[in-house]
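Chain residues, written in single-letter form:
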Amino acid sequence: MIRLLGRTSELETLERAVRQACEGSLALLQVEAETGLGKTRLLDELAAGLAGVRVGRATCSALEQHLPYVPLAAALRDALQGIELDSRQLRPLRRILPELSLSDPPQQFAEVDALEALVGLVAEQAPLVLLLDDLHWADPHTLAALSYLQRRGAGIPAAVVTAIRSEQAPPDRRVRRMRPELVVRLQPLSPAEVAPLGIPGLHDLTGGNPRFVLEAIANGNRPELSAAFSEMLLAQCRTEGALAYRLLLAVSTLVQPFEPEPLAIMLQVDLAKVVDELERLCERGILRIDGPGFRFRYQLLRGVLLANLSPARQRMLSQRLRAPDELDERRSALSIGAAPLNERGRPARMFEHGPAAGQTATWSSSPAAAGPVVPLTERELEVLHLVAAGKRNRDIADELYVTRDTIKKHVTHILDKLGAASRTQATARAYEIGLVG
Ligand SMILES: Nc1ncnc2c1ncn2[C@@H]1O[C@H](COP(=O)(O)OP(=O)(O)O)[C@@H](O)[C@H]1O
Ligand SMILES: [Mg+2]
């Protein structure tokens, strides 16, 4: 384990909130981030700094999701180690901690009695902090119990700190109905935060993802990944599906950022399908939007994919890109105007010349400014309609079942494409060119 990089303000915010809750009323606090950004590490650091407070910790597991209360029970056991409990008083708690009052005859208690007993126990043992990692895997009973604790927590000096992985918690998941008092969202580390490791190019390679940073420096000062870690990354890409994997292999050969059009040609796949898939890969945190195109979120993943290309595939892909004849042919088949090729043999700026017959992407054009013609994807058009209807990002995200961040990206993209500085301007422009109305 390397020393903690960055995260000073996140840790301070969490510590302050925990201390405040431990002097007042129970609070539910949450750390949210993608895999590898350091949620578990932040909980480690938080726990280490909480001297003098009783702390119980557990991790939820996908394999135990059907078992009621398992993570909550584990955290309670951890917190209450070595404490003699009055088992008779806590009888209803057997639903949560089955080892209590084993000698008593079995007796049925209502669930709410168990939850009331839980509130009683927490109050009695307070100040108490429960840390629940990977809450996206928690069983519904644990989530209900946390929510109940939060409801009944007035005047109980305690805190529950949870961590959830963004990719595993889409908006329609039950865990998203929790209403934490505080959410700390972790971002990748900045170049300055990675700099103390003194390895040139490390931030570019890893995108500031601590898991990647650690893997990259595991073999000393020259960033290099172990074969096992590369294999795992490839396996993760394969689980995205056959088309996604083919796309990812192909885009690893392109100059970044790349545009979807050459890809559609390279892979001989419908452009709309390519764009949909690229957008999905952005939502999965593998790619990200960059200007009018896309790029790998993590340079390191691109390297792993590139290294895994068979020479035959590499040859085939580069030939398809370099063959202007074939490009021209396919372009005219799509009835799209020819675009100039740059020195790499790629179209320097593709598809500037108007909507193509049969294209499913919607194209905007500015007759007045005669600026570049930029396609809006179907998704962006959907978002644009909702923006034009005056909806806020939060409402749009709920309506389309995606995260607010995704909507934010779509909106940025739409503004860029429409050359608009604000939502109002984008709406006006959309009416003007007939995209909505
Ligand atoms: N800020 C940090 N500084 C140094 N190492 C970190 C940092 N954040 C995470 N790590 C390390 O990176 C790896 C992945 O972090 P982890 O906390 O397991 O991520 P997550 O729980 O979000 O998937 C772990 O080995 C962890 O110790
Ligand atoms: Mg973790």
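Residues numbered from 1 in each chain as written. Chains lettered and ligands numbered in written order. Predicted model: local features only at pLDDT ≥ 70, side-chain atom pairs only at ≥ 80, totals over all residues.

Draft legend 1. Broad picture of the site of ligand 1. The local shell around ligand 1 holds 17 residues, among which Gly38, Lys39, Thr40, Arg41 and Pro210 are the closest. Split by residue class, the shell around ligand 1 holds eight nonpolar, five polar and four charged. (Near = placed C-beta within 6 Å. Nonpolar A, V, L, I, M, F, W, Y, C, P; charged D, E, K, R; others polar.)

Draft legend 2. Geometry of helix H8 (residues 210-217). When H8 is considered as a whole, its buried residues turn out to be Pro210, Phe212, Val213, Glu215 and Ala216. Its buried side turned inward, H8 meets helix H6 (191-194), helix H7 (202-206), helix H9 (227-238) and helix H13 (299-307). (Buried ≥ 20, exposed ≤ 12 C-beta atoms within 10 Å, placed from the backbone. Helix = DSSP H or I, 4+ residues; strand = E, 2+ residues; numbered from the N terminus. Contact = placed C-beta atoms within 7 Å.)

Draft legend 3. Fine view of the sheet that holds strand E2 (residues 54-59). Within the open sheet, the five strands sit side by side as E2-E3-E4-E1-E5. Their pairing is parallel. Every other strand in the sheet has two partners, leaving E2 and strand E5 (182-185) as the edge strands with one partner each. Strand after strand, the sheet turns through a mean of 15 degrees between neighbouring axes, direction not considered. Seen against the sheet, helix H3 (residues 70-79) touches E2 and strand E3 (128-133) and runs at an angle of roughly 145 degrees to E2. (Pairing = 2+ DSSP bridges. Axes fitted to C-alpha atoms, helices over the stretch in contact; angles between N-to-C directions.)

Draft legend 4. Structural context of the nonpolar core. The biggest cluster of nonpolar side chains holds 56 residues, and the ones touching the most others in it are Ala75, Leu118, Val129, Leu132, Ala158, Ala159 and Val161. With 38 residues, the next largest nonpolar core counts Leu5, Ala216, Ala264 and Leu300 among its residues. (Core = buried A, V, L, I, M, F, W, Y, C linked by C-beta atoms within 7 Å.)

Draft legend 5. Quick peek at the packing of helix H16 (residues 378-388) against helix H18 (residues 404-418). Between H16 and H18, the least distance of the axes is 10 Å, while the angle of their chain directions is 90 degrees. The angle between H16 and H18 places the two elements in the roughly perpendicular class. Across from Arg379, Glu380, Val383, Leu384 and Val387 in H16, the residues of H18 making contact are Ile407, His410, Val411, His413 and Ile414. The residue inventory of the contact of H16 with H18, partitioned by class, reads six nonpolar, two polar and two charged. (Parallel < 35°, antiparallel > 145°, perpendicular 65-115°, else oblique.)

Draft legend 6. Main features of the environment of leucine 247. Assignment of secondary structure puts leucine 247 in helix H10 (residues 242-251). In the structure, leucine 247 is positioned 31 residues away from leucine 278 in sequence and 8.2 Å away in space, judged by C-alpha atoms. The residues contacting leucine 247, other than those within four sequence positions of it, are Leu263, Leu267, Val274, Glu277 and Leu278.

Draft legend 7. Quick look at unusual backbone geometry. In this chain, alanine 126 is followed by proline 127 through a cis amide linkage whose omega measures 0 degrees. Between glutamine 256 and the following residue, proline 257, the backbone shows a cis peptide bond with an omega angle of -5 degrees. One can find proline 257 in the loop between H10 and helix H11 (260-267). A positive phi angle is found at aspartate 134, which is not glycine, with a value near 55 degrees. As for its placement among the helices and strands, aspartate 134 is situated in the loop between E3 and helix H5 (140-151). Of the residues examined, aspartate 134 has 19 C-beta atoms within 10 Å and is grouped as partly exposed.

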